Amino acid sequence: QVQLVESGGGLVQAGGSLRLSCAASGRTFSIYNMGWFRQAPGKDREFVAAIIRTGSSTYYADSVKGRFTISKDNAKSTVYLQMNSLKPEDTAVYYCAASRFTSSSSTQAYDYWGQGTQVTVSS
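Residues numbered from 1 in each chain as written. Predicted model: local features only at pLDDT ≥ 70, side-chain atom pairs only at ≥ 80, totals over all residues. Heavy atoms only, no water.

Asker: How do you make sense of the pairing of strand E5 (residues 46-51) when you look at a structure like this?
Answerer: If a strand is regular, its side chains alternate between the two faces of the sheet. Within E5, 5 of the 6 residues are buried, leaving the element largely enclosed by the surrounding structure. Here strand E4 (residues 33-39) pairs with E5 via 5 bridges, running antiparallel. In the strand pairing of E5, arginine 38 is matched with glutamate 46. Turn length for the E4-E5 hairpin, with the two strands adjacent in sequence and antiparallel, is 6 residues, and the turn residue glycine 42 shows positive phi of about 75°. Here E5 pairs with strand E6 (residues 58-60) via 3 bridges, running antiparallel. Bridging from a neighbouring strand, alanine 49 pairs with tyrosine 60 of E6. In sequence, E5 turns back onto E6 through a hairpin of 6 residues, with glycine 55 there showing a positive phi of about 80°. (Buried < 20%, exposed > 50% of the residue type's maximum accessible area, 1.4 Å probe, protein only. Helix = DSSP H or I, 4+ residues; strand = E, 2+ residues; numbered from the N terminus. Pairing = 2+ DSSP bridges.)

Asker: Is there a simple way to think about the sheet that holds strand E8 (residues 78-83) in this case?
Answerer: As a general point, the strands of a sheet are linked pairwise by backbone hydrogen bonds and lie either parallel or antiparallel. If you trace the 4 strands from one edge of the open sheet to the other, you get E1-E3-E8-E7, paired in antiparallel fashion. Of all strands in the sheet, those bounded by a partner on one side alone are strand E1 (2-7) and strand E7 (68-73). For this sheet the average axis-to-axis angle between neighbouring strands, irrespective of direction, equals 15°. By the bridge criterion, 6 bridges tie E1 to strand E3 (residues 18-26) in an arrangement that is antiparallel. Residue pairing for E3: valine 5 is matched across the bridge by alanine 23. (Axes fitted to C-alpha atoms, helices over the stretch in contact; angles between N-to-C directions.)

Asker: Would you mind going over the pairing of E3 with me for this structure?
Answerer: Bridge analysis of E3 against E8 gives 6 bridges, and the strand direction is antiparallel. Opposite leucine 20, over in E8, you have leucine 81 as the bridge partner.

Asker: Would you take a moment to explain the packing of aromatic side chains for this structure?
Answerer: Two aromatic rings, taken as a pair, are described by how far apart their centres are and by the angle between their planes. Within this structure, the stated rule accounts for 5 aromatic pairs. Ring plane angle 80° and centroid distance 5.2 Å describe the contact between phenylalanine 37 and tyrosine 110, whose orientation is recorded as edge-to-face. Of the two residues, phenylalanine 37 is situated in strand E4 and tyrosine 110 in the loop between strand E9 (92-99) and strand E10 (112-113); the sequence distance between them amounts to 73 residues. Comparing phenylalanine 37 with tyrosine 110, the two get one shared label, buried. (Phe/Tyr/Trp six-rings, centres within 6.5 Å; stacked < 30°, edge-to-face > 60°.)

Listed below in structure tokens is the structure:
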């Protein structure tokens, strides 16, 4: 059992940056593969980024490659999403998620989810 709490969302101008954090509690954080997803109004939840439990491999949606970076700090039991060059179309609720067994772009592969944090990018 893992509990996830996101933070760091807010309002930012286009071209600006935000860093989201997801703090985990419960079982040992280092055994989990982690992902970030987002959901905009009227749209399905979509994959943003993922990192395997060792932190040695990362994966990104094409829409955020070169702008977003996922990382993790096992000592702090926290996963981060650094978002640069933000665009209005990045506006969404961002969720972190944990998977015990796989790293995937599919929401169905993840067992634990945070409550979400709102990111709003103004033009």
